[in-house]
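What follows is the residue order along each chain.
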Amino acid sequence: MGFRCGIVGLPNVGKSTLFNALTETQAAQAANYPFCTIEPNVGQVAVPDARLDQIAAIAGSAKIVPTQLAFVDIAGLVKGASKGEGLGNQFLGNIREVDAIVHVLRCFEDDDIQHVANKVDPIADAEVVETELMLADLDSLEKRVPAAAKRATSGDKEAKLIASVLGQALDLLREGKPARLTEPRDDEEARVFQQAQLLTAKPVLYVCNVAESDAATGNALTEQVFAKAAAEGAQAVVVSAAIEAELVTMPAEDRTEFLAELGLEESGLARVIRAGYTLLGLQTFFTCGPKEARAWTFHKGARAPQAAGEIHTDFERGFIRAETIAFDDYVALKGEAGAREAGKLRQEGKEYLVQDGDVMLFKFNV
C-alpha cells in the first residue's frame, strides 16, 4: 500500500516543476502560464528508506523493492473554482480522489515568473484554495444534512447518524473552518465521516517552494506557513523545486555532495515523504530473503493480520502467526539466525500491533 497525494495550488507556484522533479519525469509540462496542466498527471515514486538497504545487505537479497508513493499533479485552482470558474469542477473532482493534499505555496520572489495575483503572499494563496474547497463542501452539505435530518424523523438510524456527524462538519464550515476538525466519537461516526468524501476533510501538507538560497533555512514567508500549519494540525516542509529539478539531472553518487554544499542533508522528496507519512499515520515493515528485500506500508495501529494483508489477502485470511524481529535487533545481530539465537525473534499472534521497522515472516494457512 502506498498513498496518493494530490499536488494543488494556484497557477505558477511551481507545482508541475515539483511534480517533474519528484517523479523524475517530464510528464507534466512546466510552463509559465496558468493551466499548463490540463489532465491530472500521476507519477509513481519509490520511497527511499536506508533501512531497506541495510536489511538487503545482511540478508544477501538479490533484489530490493521499495514501497511506492503516487503523486497526482492537479491543474491550478483559481478563485471561483467551486462555482466552475477556470477548470474548477473537474479539478475539485480530482482532489476528491486523493488521500491527502500537497498544497504548494510560492515563497520566493522572481520578477520573471508572473503571480496570478501579482503579489507573493503564501497565506493569501492558501486561503484562496482552501476557501474554494470549503465552498464546495458547504454546497454539498447544505443539501445532504437537511435531507438526512428529514429521513431521521421517520426513525432511520443511519440517517440520524449522518445528520449528526455531517451536521458537525457543516457547523465548522459555516465558521470558516475545514471539515477535518470534526471529531467522530466512535468507529461508526468515523465511517460516516469518511464516506462523505469532503474535500476539506483531507489532511494537508503545505510545501513551501523557495529559492535555492533559502532551501536550508527557509525565510520570513515560510515562517508564516509553518505557523499556519501548526495552528491547523497540518504539516509543512521547505522545498526548492529548482534544486529538486537539478538533482534529477545528475548521477546519484553526486547528489549527496551537491546537497551538502547547499547545507542540506537530504532531498526535498525525502522531506515530503516523511511529512506525508506522519500526516497519514503511515509506517513501514519489511520482508526479506535471498530473492528479495521488500518494504511495505501500513497504517499505524494495524495488527499483524492486517499487515499480512498488505502482501496478499490470503495472508490475512489464513493468518497463523508472524515471526518478528525489530529492525535494530536485526541489524545488531546480523540477521535472522543471530536474532533467533539471541532470543530476539518473536512469535506474534493476531493481536500484535506492528511496529515501524519490524522485519516479518508470516505463517498462514488457507
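So, here's what we can say about the structure. (Residues numbered from 1 in each chain as written. Predicted model: local features only at pLDDT ≥ 70, side-chain atom pairs only at ≥ 80, totals over all residues. Heavy atoms only, no water.)

### Section: the overall build of the chain
Moving on, step 1. Tallying secondary structure elements over the chain gives 14 helices and 12 strands in all.
Moving on, step 2. As displayed, the chain has an accessible area near 17700 Å², and 50% of this comes from carbon and sulfur atoms. (Helix = DSSP H or I, 4+ residues; strand = E, 2+ residues; numbered from the N terminus. Areas by Shrake-Rupley, 256 points an atom, 1.4 Å probe, with all protein chains shown as cover.)

### Let's talk about the sheet that holds strand 5 (residues 100-106)
Moving on, step 1. Strand order in the open sheet formed by six strands is 2-4-1-5-6-7, with mixed pairing between adjacent strands. Single-partner strands in this sheet number two, and they are strand 2 (41-46) and strand 7 (235-239). Direction aside, the axes of adjacent strands within the sheet are offset by 25° on average.
Moving on, step 2. Sheet topology note: the strand 6 (residues 204-209)/strand 7 ladder contains five bridges and is parallel. Counterpart to Asn209 in the pairing with strand 7 is Val239. (Pairing = 2+ DSSP bridges. Axes fitted to C-alpha atoms, helices over the stretch in contact; angles between N-to-C directions.)

### Points about the pattern of salt bridges
Moving on, step 1. In the structure shown here, the tally under the stated rule is 18 salt bridges.
Moving on, step 2. Its salt-bridge partner being Glu130, residue Lys228 comes within 3.9 Å of it at the nearest N-O pair. Of this pair, Lys228 sits in helix 7 (residues 220-232) while Glu130 sits in helix 4 (residues 122-152), and the two are 98 residues apart along the sequence. Each member of the pair, Lys228 as well as Glu130, carries the same accessibility label: buried. (Salt bridge = Lys/Arg side-chain N within 4 Å of Asp/Glu carboxyl O. Buried < 20%, exposed > 50% of the residue type's maximum accessible area, 1.4 Å probe, protein only.)

### Let's talk about helix 4
Moving on, step 1. Counted at 1.5 Å a residue, the expected span for helix 4 with its 31 residues is 45 Å, and the 43 Å between its end C-alpha atoms agrees.
Moving on, step 2. The largest bend along helix 4 reaches roughly 30° and is located at Leu141. (Expected span 1.5 Å × (residues − 1). Bend = angle between axes of the 7 residues up to and from the residue.)

### Considerations on the nonpolar core
Moving on, step 1. The biggest cluster of nonpolar side chains holds 61 residues, and the ones touching the most others in it are Leu69, Phe71, Leu205, Tyr206, Val207 and Val225.
Moving on, step 2. By residue number, the principal contributor to this core is helix 10 (residues 268-280), which donates seven residues.
Moving on, step 3. Counting 15 residues, the second-largest nonpolar core is a separate cluster that includes Leu161, Leu170, Leu173 and Ala179. (Core = buried A, V, L, I, M, F, W, Y, C linked by side-chain atoms within 4.5 Å.)

### Regarding the packing of helix 5 (residues 157-174) against helix 6 (residues 187-195)
Angle between the axes and distance between the axes: these two values describe a pair of packed helices.
Moving on, step 1. At a minimum axis separation of 9 Å, helix 5 and helix 6 run at an interaxial angle of 70°. Considering the angle they form, helix 5 stands roughly perpendicular to helix 6. Of helix 6, the residues touching helix 5 (which contributes Glu158, Leu161, Ile162, Val165, Gln168 and Ala169) are Glu188, Glu189, Arg191, Val192 and Phe193.
Moving on, step 2. Here the residues of the contact of helix 5 with helix 6 are counted per class, giving six nonpolar, one polar and four charged. (Parallel < 35°, antiparallel > 145°, perpendicular 65-115°, else oblique. Contact = heavy atoms within 4.5 Å. Nonpolar A, V, L, I, M, F, W, Y, C, P; charged D, E, K, R; others polar.)

### Some words on the environment of Leu161
Moving on, step 1. Take Leu161: it is sitting in helix 5.
Moving on, step 2. Other than its neighbours up to four places away in sequence, Leu161 contacts Glu188, Glu189, Arg191 and Val192.

### Observations concerning the packing of helix 4 against helix 5
Moving on, step 1. Closest axis-to-axis distance for the helix 4/helix 5 pair is 8 Å, and the angle between their directions is 150°. Here helix 4 runs over helix 5; the crossing is left-handed. Packed against helix 4, whose contacting residues are Met134, Asp137, Leu138, Leu141, Glu142, Arg144, Val145, Ala148, Ala149, Arg151 and Ala152, the element helix 5 presents Ala159, Lys160, Ile162, Ala163, Leu166, Gly167, Ala169, Leu170, Leu173 and Arg174 at the interface.
Moving on, step 2. Of the residues belonging to the contact of helix 4 with helix 5, the class tally is 14 nonpolar, one polar and six charged. (Left-handed = near helix turned anticlockwise from the far one by under 90°.)

### Let's talk about helix 10
Moving on, step 1. With 13 residues, helix 10 ought to run about 18 Å at 1.5 Å a step, and its terminal C-alpha atoms sit 18 Å apart, in line with that.
Moving on, step 2. The buried fraction of helix 10 amounts to 11 of the 13 residues, a majority that puts the element mostly inside the structure.
Moving on, step 3. Of the residues flanking the start of helix 10, the one acting as N-cap is Ser267, its side-chain oxygen 3.3 Å from the backbone nitrogen of Ala270.
Moving on, step 4. Looking one or two places after helix 10, you find Gly281, whose phi comes out positive at around 70°. (Polar contact = N/O pair within 3.5 Å; in protein donor to acceptor, adjacent residues only side chain to side chain.)

### Observations regarding the pairing of strand 5
Residues in a regular strand project their side chains so that they alternate between the two faces of the sheet.
Moving on, step 1. Counting buried positions over the seven residues of strand 5 gives seven, a clear majority of the element.
Moving on, step 2. Of the two faces of strand 5, the one holding Ala100, Val102, Val104 and Arg106 and the one holding Ile101, His103 and Leu105 are both buried throughout.
Moving on, step 3. Where strand 1 (residues 4-8) meets strand 5, four bridges bridge the pair, whose relative direction is parallel. Across the sheet, Gly6 pairs through a bridge with Ile101, a residue of strand 5.

### Details of unusual backbone geometry
Moving on, step 1. The phi dihedral of Gln197 falls on the positive side, at around 55°, and the residue is not glycine.
Moving on, step 2. On the basis of relative accessibility, which here comes to 44%, the residue Gln197 falls in the partly exposed class.

### Quick look at the side chain of Lys202
Moving on, step 1. Residue position: Lys202 is located in the loop between helix 6 and strand 6.
Moving on, step 2. Of the side chains with opposite charge, Asp99 comes closest to the buried, unpaired Lys202, at an N-O distance of 6.3 Å.
Moving on, step 3. Within polar-contact distance, the side chain of Lys202 engages the backbone oxygen of Arg96 at 3.1 Å.
Moving on, step 4. Setting aside residues no more than four positions away along its own chain, Lys202 makes contact with Ile95, Arg96, Val98, Asp99, Ile101 and Arg180. (Lys, Arg positive; Asp, Glu negative; His and termini not counted.)

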